[in-house]
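One letter stands for each residue in the lines below.
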Amino acid sequence: MRANLTPKLLLLAGAACGLSTPALAKTGAPAPWLDRKLSAEARADALVRAMTTEEKMQIVRTWFPPMASGKPGAPDDLIPSAGEMVGVPRLGIPTLRESDASLGVANQVEQRKGDTATALPASLATAASFDPEVAYAGGAMIGAEARAKRFNVLLAGGVNLTRDPWGGRDFEYLGEDPLLAGIMDGAHIRGVQSNHIVSTIKHFAFNAQETGRMIVDARLDWSALHESDLLAFKLGIEGGHPGSVMCAYNVVNGDWACENKTLLTSILRDQWGYKGWVMSDWGAVHSTVKAANAGLDQDSGAELDKEDYFRDRLNAAVAKGDVPKARFDAMVRNVLTGVIETGLYDDPVAITNQPIDTDAHARVAQKAAEEGIVLLRNAGNMLPLAATAKRIVIIGGHADVGVLSGGGSSQVRSIGGVPVEIPLKSGPAASFARITWHNSSPMRAVQALNPGAQVSYVDGTDPTAAAAAAKSADLVLVFATQWRTEAEDITTLALPDNQDALIEAVAAANPRTAVVIESGGPVLMPWLDKVPAVLAAWYPGQRGGEAIANILFGKVNPSGRLPITFPAAERQAPRPQPVGLAEIAHDDAASNAGSAGGEAKGFAAEYPEGADVGYRWYARKGQRPLFPFGFGLSYTKFTYANLKVSGGAALTVSFDVTNAGQRSGADVPQLYVTPPTGGAVARLGGFQRIELQPGETRHVTLSAERRTMAKWDEAAKGWYLAAGSYRAAIGHDAVDRSLSGAATLAEQRFKP
Ligand code: BGC
């Protein structure tokens, strides 16, 4: 946490930032917006009262640097990035410089030449750690780099629930369970904002697929949404207190998310009491009056819109009274509240770039990868590998030079450079995404741990040649990759480019084969029985090569758990493929063009799984996935015993976890709760990551999050928990029931 600055330092900081001294009130007393004893909202309100209409207009709209240059009124010092809101120096209101996002300070298609940053693994990997401290550390690291690069708003905090295994952005999110995703998101946001900058939480809400993301109408009754996608947002907001919420591209139940009054006002403000500001996603605004009155406070990247909705049009609408003056003031106040509440107003960002401790930050990235990699299979305890092999053959995935990254606005140009970069020829992502590898070579890392071994690389494009190279090796490591990007869903979970045939051929040639999967979500594994060891490494970030090698060779005991179900076949998922593929050609610009591309005809996506997202859908349908949510192996073994369950007002369990193996390691005991109501399936109600020495036993107590057991009562706009006997199980994953019991809970109604 940054220390609070004294008023004197504040003045110095203001001066250092090129700001004029924040005004004194006419009486000579300090202006109320400088009074830290007042709430952020009251200070923001005082600022609004001191502002001219023109100044207020500056606040409710941000420029999109790649397209703003030369436009009337555009500032001439834009940093190439996602957005900029021009500040009001006379009142100490900082210019807001916005950058993506959750995996590091992004620099897509290298818009800032040579500007590199530390790249974390995919958020899905962070979720797999089940460790809020890892999420916090990642956020704190990114926030520090953002601040050092003069950004003060990070478009981080992506928490859309994974409803489909092929989502293009699944890697940017935190999996399929609202409790896990919400807790991890809150910790990440808290970390970002510990630098006194703003983080968003996004994309509010129900941005569940990329196919036609700007025209899809995602439809689900509001109760089910409260019990699933919205719960993840609510937990993220409670845990992280983000200064801003980014509304999504898609339509939700008939209204665009960024002009959806139910979402932006009834739920976010009235029910949840949110005080910060709602910014739009880039190109997600479709109106002036409707959007402003529905609760949108700031139009982001306004050049991407079909019309400049939040400038002259808004001015005119306010003058005419179509947008009430009080609402316009509230829009400005909400932005300033977020800026004050996060500490940014009192601790502005320096005007020059600051030094960054890149070594320390690389260690943060490596730890996140090491905790997030999931060991899926380890037949005959093939892993950890002894450093005795004389000939190691590494195959595929450009593992000689690096590890794969996901694509889109989250793309970081990582420290160390980009060893492989493949431009896209077509499709909605072509203009802003390239298939990019981080410079973290698994091969180099394997060689470093095996200095005496001969380590060679085969690119894997020819399965026969790869099998021939593998045949006489002591050890074979195949790196399989599946690339995903924002703006496109993948259309099959099968590994692309003949990699299944490659793995089959190599494993047939040499049984001492381990497969490392670099993916942005689940993949199918038709070869699973033939390969003794498999790791899910996700997109492992800037130190991914080192993290993978450390796990393979036992320097680190794997502890990741799947934050997402791996289906055995695509047909097990609630939808057989992304909705709308038939309505919209995959490369149709309309799917990513926003309103600037015209109002393309939309289509509806229905969600028969309702609130039973992910593993709960599989349970409801009696489907056995390839690997369940929560699953992950270790080089040691954990056992559970002595469950006690108590009820009353809260469902609390206590139990013992023992490390029954020979190595120290971390376990994630998971509490699954099932309400008494008919047809309810178990869901995650609590979890805890714990580290144990061999033979050590720890007594763990967990209380189930009430909202995971309650139903949303839309009429009462609150939660209802029925009286009755609730089942509680402790498991290693979503299908394991190592211990189970039950307790009676009293009837409860509570507000969100
Ligand atoms: C993405 C957002 C991102 C924004 C700014 C949009 O296309 O959906 O997640 O923050 O661009 O780059």
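Residues numbered from 1 in each chain as written. Predicted model: local features only at pLDDT ≥ 70, side-chain atom pairs only at ≥ 80, totals over all residues. Heavy atoms only, no water.

Asks: I'm lost on the overall build of the protein in this one. Help?
Replies: Secondary structure assignment for the protein yields 19 helices and 31 strands. Scaling as 2.2 N^0.38, a compact globule of 752 residues should have a C-alpha radius of gyration of about 27 Å, and the protein matches this with 26 Å. Referenced to the eigenvectors of the C-alpha coordinate spread, the extents of the protein come out at roughly 80 × 60 × 55 Å. Every one of the 752 residues in the protein was classed for burial, and the buried ones make up 64%. At a minimum sequence separation of 6, the contacts of the protein that also span at least 24 residues come to 76%. About 25,600 Å² of surface is accessible on the protein, with carbon and sulfur atoms providing 52% of the total. Of the charged side chains in the protein, 72 are positive and 79 negative; the average position of the first set lies 4 Å away from that of the second. (Helix = DSSP H or I, 4+ residues; strand = E, 2+ residues; numbered from the N terminus. Rg over C-alpha atoms; globule rule 2.2 N^0.38 Å. Buried < 20%, exposed > 50% of the residue type's maximum accessible area, 1.4 Å probe, protein only. Contact = heavy atoms within 4.5 Å. Areas by Shrake-Rupley, 256 points an atom, 1.4 Å probe, with all protein chains shown as cover. Lys, Arg positive; Asp, Glu negative; His and termini not counted. Charge placed at Lys NZ, Arg CZ, Asp CG, Glu CD.)

Asks: Whenever I open this one, the sheet that holds strand E24 (residues 683-687) confuses me. Can you help?
Replies: Backbone hydrogen bonds hold the strands of a sheet together, and the pairing may be parallel or antiparallel. Spatially, four strands are ordered E24-E23-E29-E30 in an open sheet, and the strand pairing comes out antiparallel. Looking at which strands have only one partner, the edges of the open sheet turn out to be E24 and strand E30 (739-745). If you compare each strand with its neighbour and ignore which way they point, the axes differ by 30° on average. Where strand E29 (residues 724-731) and E30 come together, seven bridges link them in antiparallel fashion. Residue Ala-728 lies in a different strand from E30, and its bridge partner there is Gly-741. (Pairing = 2+ DSSP bridges. Axes fitted to C-alpha atoms, helices over the stretch in contact; angles between N-to-C directions.)

Asks: What's the story with the packing of aromatic side chains in this structure? I'm lost.
Replies: For any two aromatic rings, the description comes down to two numbers: the centre-to-centre distance and the angle of the planes. Enumeration according to the criterion identifies 13 aromatic pairs in this entry. Aromatic pair Phe-206 and Tyr-607: ring centres 4.8 Å apart, planes at 45°, arrangement tilted. Taken together, the residues span a long stretch of sequence, with Phe-206 in the loop between strand E4 (198-204) and strand E5 (216-219) and Tyr-607 in the loop between strand E19 (603-606) and helix H19 (615-620) at a distance of 401 residues. Tyr-607 shares its class with Phe-206; the two are buried. Among the aromatic side chains, those forming a connected cluster through ring pairs are Phe-130, Tyr-615, Phe-629, Tyr-672 and Phe-687. In this structure, Arg-61 is placed above the aromatic ring of Trp-63, and the distance from its NZ or CZ to the ring centre is 4.1 Å. Between Arg-706 and the ring centre of Phe-750, over which it is positioned, the NZ or CZ distance is 3.6 Å. (Phe/Tyr/Trp six-rings, centres within 6.5 Å; stacked < 30°, edge-to-face > 60°. Lys NZ or Arg CZ within 6 Å of the ring centre and 35° of its normal.)

Asks: How should helix H18 (residues 544-552) be read in this particular structure?
Replies: Residue pairs spaced three or four apart in an α-helix point in one direction, given the helix's 3.6 residues per turn. Burial runs high along H18: eight of the nine residues are buried. The secondary structure elements touched by the buried residues of H18 are helix H14 (358-372), strand E12 (403-404), helix H15 (442-449), strand E16 (475-482), strand E17 (513-519) and strand E18 (533-536). Looking one or two places after H18, you find Gly-554, whose phi comes out positive at around 80°.

Asks: Explanation requested: the pairing of strand E2 (residues 96-99) in the structure shown.
Replies: Put simply, side chains in a regular strand alternate between the two faces of the sheet. Burial along E2 is two-sided: the face carrying Leu-96 and Glu-98 and the face carrying Arg-97 and Ser-99 are both buried. Two elements, strand E1 (residues 83-85) and E2, share three bridges in a ladder whose sense is antiparallel. Across the sheet, Gly-83 pairs through a bridge with Glu-98, a residue of E2. Note that E2 and strand E3 (residues 153-154) share two bridges and pair parallel. Bridge pairing links Glu-98 to Val-153 in E3.

Asks: Got a minute to help me understand the state of the cysteines in this structure?
Replies: Where two cysteines share a covalent bond between their sulfur atoms, that bond is called a disulfide. Scanning the entire structure with this criterion turns up one disulfide. Disulfide partner of Cys-247: Cys-258, at an S-S distance of 2.1 Å. Measuring handedness by torsion sign, the sulfur bridge of Cys-247 and Cys-258 sits at about 110° and is right-handed. Taken together, the residues Cys-247 in strand E6 (residues 244-247) and Cys-258 in the loop between strand E8 (255-256) and helix H10 (261-271) connect sequence positions eleven residues apart. On the basis of relative accessibility, which here comes to 0%, the residue Cys-247 falls in the buried class. In this structure Cys-258 comes out as buried when scored by relative accessible area, which is 2%. (Disulfide = S-S within 2.5 Å.)

Asks: What should I look at first to understand the side chain of Thr-481 in this one?
Replies: Along the chain, Thr-481 turns up in strand E16. Contact partners of Thr-481, with chain neighbours within four places excluded, come to Gly-397, Leu-404, Leu-495, Pro-496, Gln-499 and Glu-518.

Asks: Looking at this structure, how should I read the side chain of Lys-234?
Replies: Checked against the element boundaries, Lys-234 lands in helix H9 (residues 229-240). Accessibility expressed as a relative area gives 10% for Lys-234, which makes it buried. Those residues in contact with Lys-234 that lie beyond four places of it in its chain are Trp-272, Arg-707 and Pro-752.

Asks: How do you make sense of the confidence of the model for the protein when you look at a structure like this?
Replies: As a note on interpretation, predicted positions should not be read in detail where pLDDT is low. Mean pLDDT over the protein: 94, with 94% of residues reaching 70 or higher. Between residues 1-21, whose pLDDT stays under 50, and residues either more than four places distant or in other chains, the model counts 36 contacts. With pLDDT under 50 throughout, residues 593-598 is counted as low confidence; its partners more than four residues away or in other chains account for twelve contacts. (pLDDT = per-residue confidence, 0-100.)

Asks: Sorry, what's going on with the site of the ligand here?
Replies: The full set close to the ligand counts 13 residues, and Asp-100, Arg-169, His-203, Tyr-249 and Asp-281 are the nearest of them. Summarising the interface, the protein chains cover 92% of the accessible area of the ligand, which totals 310 Å² for the free molecule. Here the residues of the shell around the ligand are counted per class, giving five nonpolar, two polar and six charged. (Near = heavy atom within 4 Å. Nonpolar A, V, L, I, M, F, W, Y, C, P; charged D, E, K, R; others polar.)

Asks: Help me understand the environment of Ala-716, please; the structure alone is not making it clear to me.
Replies: Checked against the element boundaries, Ala-716 lands in the loop between strand E27 (711-713) and strand E28 (718-721). Distance in space between the C-alpha atoms of Ala-716 and Gly-167 is 34 Å, their sequence separation being 549 residues. The contact partners of Ala-716, leaving out residues within four places of it in the chain, are Arg-749 and Lys-751.

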